[in-house]
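Take a look at the letters that make up each chain.
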Amino acid sequence: MNDPVNNKLANNNHAKNSPVNFLELLDIDVERYPVIAVVGGGGKTSLIYRLNQELLDLGKKVIITTTTHMAYPSRHPFARGGDPETVKKLLSEQGYAVAAEIDNNTGKLAGLSEDRLRELESLCDVMLIEADGSRQLPLKVPENWEPVIPQCAGLVISVVGLDCLGKPIRQIAHRVERTAELLQKGMDAPVTPEDVVKIASSICGLCKNVEDRIYRVYLNKADVLPGKEPAEEILRGLQKQNKVAAYGSLKAGSESGMTRHKEDGK
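## Thoughts on the overall build of the protein chain
Looking only at helices and strands, the protein chain features eight helices and 13 strands. Going through the 266 residues of the protein chain one by one, you find that 56% of them count as buried. For the protein chain, long-range pairs separated by at least 24 residues make up 72% of all intrachain contacts whose partners lie at least 6 apart in sequence. Working note: accessible area of the protein chain is about 12000 Å², and carbon and sulfur atoms make up 46% of it.

The structure is reproduced here in structure tokens:
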């Protein structure tokens with residue numbers, strides 16, 4: 001399922017007050033890949049709800065779920081256990097539904113079985129799945145059992161918070177030991193753009209368990225950087241690895257974004 005990459009640069013500059021379309025920015029074709037798993041660092045949930053809103057604007061029926069844990073959706077229509085009848089009702093009334101179990105110990109959402117995910121997939125146009133945890137830290141290298149990407153997912157988006165740059169690994173990484181091991185650095189070493197490229201492109205990093213699925217990288221919190229060059233440097237590095245990537249910010253009111261390259265005919 002690996003798609004060819006057009007190495008011709010295609011920059012999308014957006015006016016300050018012009019909203020970014022994240023489906024376009026990340027070159028996501030939901031007709032071909034309707035089940036999307038999101039992995040990596042902090043910002044996954046925000047990206048999922050942003051994509052959900054764009055999909056609703058297109059008239060799509062959307063199910064949001066998780067294979068790990070996710071914050072309880074107090075302001076969103078919720079179907080406990082992914083009950084199909086409840087999901088159908090919510091999709092009909094509101095266009096989307098959050099479907100998951102509840103972890104009684106933490107109060108967070110917990111994952112559904114693969115069989116239930118496949119059942120729910122047939123009820124919606126698009127399914128958005130949070131498939132990783134990071135305790136809201138910007139950088140993540142997965143443990144042996146992570147991420148939990150379901151078989152039904154055809155596209156994976158990894159998220160990295162650019163507020164990790166220049167800060168010690170031990171301060172900004174989830175799975176500190178794994179991160180230091182992959183980067184071959186001490187835990188007090190500052191994170192560089194080269195480190196982000198390595199983590200985002202490595203099968204021991206955020207490409208873990210992606211296999212032959214379509215893969216995208218979103219670099220969040222670009223608004224905290226003093227300039228664009230660090231983000232641009234990361235995109236150049238990912239381009240050399242044939243990864244489709246974009247940077248910007250999910251922060252309310254911040255609408256900057258840029259994509260480095262896209263696929264032909266995708």
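## Re the pattern of salt bridges
Enumeration over the complete set of coordinates arrives at 15 salt bridges. With a shortest N-O distance of 3.9 Å, Glu-114 and Arg-118 are connected by a salt bridge. Here Glu-114 and its partner Arg-118 are both found in helix α4 (residues 114-121), four residues apart, which amounts to about one turn of the helix. One network of salt bridges, with partners in common, ties together Asp-132, Lys-140, Glu-146 and Arg-175.

## Thoughts on helix α3 (residues 84-94)
Those residues of α3 lying buried are Pro-84, Val-87, Leu-90 and Leu-91. The buried residues of α3 all sit within an arc of 125 degrees when viewed along its axis, so they share a single face. Along α3, the residues that are exposed and aim more than 90 degrees away from the buried face are Glu-85, Ser-92 and Glu-93. Tucked into the core, α3 has its buried residues touching β2 (62-66), β4 (78-80), β5 (96-102) and α4. Phi turns positive one or two residues past the end of α3, at Gly-95, with a value near 90 degrees.

## Comments concerning the nonpolar core
With 52 residues, the main nonpolar core has Leu-162 and Leu-219 as its most contacted residues. The residues touching Leu-162, leaving out its near neighbours within four places in the chain, are Leu-219, Asn-220, Lys-221, Ala-222, Val-224, Leu-225, Ala-231, Ile-234 and Tyr-247. Leu-25, Leu-26, Tyr-49 and Tyr-96 belong to the second-largest nonpolar core, a separate cluster that totals 32 residues.

## Regarding the packing of helix α7 (residues 193-201) against helix α8 (residues 229-240)
Between α7 and α8, whose axes approach to 9 Å, the crossing angle comes to 40 degrees. The angle between α7 and α8 places the two elements in the oblique class. Between α7 and α8 lies a crossing of right-handed hand. Taking contact as the criterion, the partners of Pro-193, Glu-194, Val-196, Val-197, Ala-200 and Ser-201 in α7 are, on α8, Pro-230, Glu-233, Ile-234, Gly-237 and Leu-238. Partitioning the contact of α7 with α8 into residue classes produces seven nonpolar, two polar and two charged.

## Some remarks on the environment of Glu-233
Along the chain, Glu-233 turns up in helix α8. In sequence terms Glu-233 and Val-197 are 36 residues apart; their C-alpha atoms lie 9.0 Å from each other. Here Glu-233 is in contact with Pro-193 and Glu-194, once residues within four sequence places are set aside.

Rules and cut-offs
Positions within a chain are numbered from 1, following the residues in the order the chain's sequence is written. Only residues with pLDDT of 70 or above have their local features reported here, since the model is predicted, and side-chain atom pairs are shown and tallied only from 80 upward, although totals for entire chains, interfaces and linings are computed over all residues. Excluding hydrogens and water, the side-chain values take into account all heavy atoms of the structure. The helix count covers DSSP runs of H or I at least four residues long, the strand count covers runs of E at least two residues long, and both are numbered beginning at the N terminus. The buried label applies to any residue whose accessible area, calculated with a 1.4 Å probe on protein chains only, is under 20% of its type's maximum; exposed applies above 50%, and partly exposed to all values in between. In this analysis, two residues are considered to be in contact whenever any of their non-hydrogen atoms come within 4.5 Å of each other. For the area figures, the Shrake-Rupley method with a 1.4 Å probe applies, and any residue is considered shielded solely by the protein chains shown. The term salt bridge refers to a side-chain nitrogen of Lys or Arg lying within 4 Å of a carboxyl oxygen of Asp or Glu. The arc in question is traced by the directions running from the helix axis to the C-beta atoms. For our purposes a nonpolar core is just a set of buried Ala, Val, Leu, Ile, Met, Phe, Trp, Tyr and Cys residues, chained together by side-chain atoms within 4.5 Å. Helix axes are fitted to C-alpha atoms over the stretch in contact, other axes to C-alpha atoms as well, and angles between N-to-C directions run from 0 to 180 degrees. Each angle gets one of four labels, with under 35 degrees taken as roughly parallel, over 145 as roughly antiparallel, 65 to 115 as roughly perpendicular, and the rest as oblique. Crossings are classed by handedness, with left-handed meaning an anticlockwise turn of the near helix from the far one by less than a right angle and right-handed meaning a clockwise turn. Gly falls in the polar group here, along with every residue not listed as nonpolar (Ala, Val, Leu, Ile, Met, Phe, Trp, Tyr, Cys, Pro) or charged (Asp, Glu, Lys, Arg).

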